[in-house]
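Overview (structure and organization)
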Amino acid sequence: QVQLVESGGALVQAGGSLRLSCVASGGTFSTMAWFRQAPGKEREFVAAIKWISGNTQYADSVKGRVTISRDNAKNSVYLQMASLKPEDTAVYYCAAGTRGAALWIPARVRMPNLYNYWGQGTQVTVSS
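Note that the structure is predicted; figures quoted are calculated from it, not measured.

**Notes on the packing of aromatic side chains**
Considering all chains together, one arrives at six aromatic pairs under this definition. Ring centres 5.7 Å apart and planes at 75° place the aromatic pair F35 and F45 in the edge-to-face group. Of the two residues, F35 sits in strand β4 (residues 31-37) while F45 sits in strand β5 (residues 44-50), which places them 10 residues apart along the sequence. Here F35 and F45 have matching classes, each one buried. With a centroid separation of 5.2 Å and an interplanar angle of 80°, the aromatic rings of F35 and Y115 are classed as edge-to-face. One end of the pair, F35, is in strand β4; the other, Y115, is in the loop between α2 (106-109) and β10 (117-118), with 80 residues separating them in the sequence. Neither residue differs from the other here; F35 and Y115 are each classed as buried. Above the ring of Y93, the side-chain terminus of R43 is found at 3.8 Å from the ring centroid. The ring of W118 is capped by R43, whose NZ or CZ atom sits 4.7 Å from the centre of that ring.

**Focus: unusual backbone geometry**
Most of the time, phi is negative for any residue but glycine, and the peptide bond is trans. Here N75, not a glycine, exhibits a phi torsion of approximately 50°, which is positive. Exposure remark for N75: the relative accessible area of 36% places this residue in the partly exposed category. For S83, which is not a glycine, the phi torsion comes out positive at approximately 50°. Turning to its location among the elements, S83 is positioned in the loop between β8 (76-81) and β9 (90-97). With relative accessibility at 43%, the residue S83 sits in the partly exposed group.

**Topic: the nonpolar core**
With 39 residues, the main nonpolar core has M32, W34, L79, M81 and Y92 as its most contacted residues. Contributing elements (two or more residues each) for this core: β3 (18-25), β4, β5, β7 (66-71), β8, β9, α1 (101-104) and β11 (122-127).

**Some details on the environment of Q123**
Among the structural elements, Q123 can be located in strand β11. Expressed as a C-alpha distance, the spacing of Q123 and A10, which sit 113 residues apart in the sequence, is 6.4 Å. The contact partners of Q123, leaving out residues within four places of it in the chain, are G9, A10, T89, A90 and V91. Reaching out from Q123, the side chain makes a polar contact with the side chain of T125 at a distance of 3.3 Å.

**Overview of the state of the cysteines**
Across all of its chains, the model carries one disulfide by this definition. A disulfide bridge connects C22 with C94, and the sulfur atoms are separated by 2.1 Å. Given an S-S torsion of about -75°, the disulfide between C22 and C94 has left-handed geometry. With C22 in strand β3 and C94 in strand β9, this residue pair connects regions lying 72 residues apart in the sequence. You can call C94 buried: its relative accessible area is 0%.

Definitions and limits used
- Residues numbered from 1 in each chain as written.
- Predicted model: local features only at pLDDT ≥ 70, side-chain atom pairs only at ≥ 80, totals over all residues.
- Heavy atoms only, no water.
- Phe/Tyr/Trp six-rings, centres within 6.5 Å; stacked < 30°, edge-to-face > 60°.
- Helix = DSSP H or I, 4+ residues; strand = E, 2+ residues; numbered from the N terminus.
- Buried < 20%, exposed > 50% of the residue type's maximum accessible area, 1.4 Å probe, protein only.
- Lys NZ or Arg CZ within 6 Å of the ring centre and 35° of its normal.
- Core = buried A, V, L, I, M, F, W, Y, C linked by side-chain atoms within 4.5 Å.
- Contact = heavy atoms within 4.5 Å.
- Polar contact = N/O pair within 3.5 Å; in protein donor to acceptor, adjacent residues only side chain to side chain.
- Disulfide = S-S within 2.5 Å.

Written out as structure tokens, the structure reads:
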């Protein structure tokens, strides 16, 4: 059974940093990604990484402030966030996709409905 378990969410001040972790088990995936969802808003793509190559994609809203990485040996994906802003406040979700190259197309990698598995989410709150 596939499980994605996120951790690392916290309350931080604006300008601060945070590192989220996601441990995956029970399957193999071509793409891992982070999404976020703020109250009353749709789930939003943040970043994605190809499991084998380590290639990455980022949402424009976080580019330059966020780094996605993975540790294959630990079956883990990380989201390092810096210069946090109040608008980064959201529940952050780890997602895993198995569609291979078909998912990596930029228009598709941002679509939450194309991912097969999701974690339970971790809350990030940025105070001003």
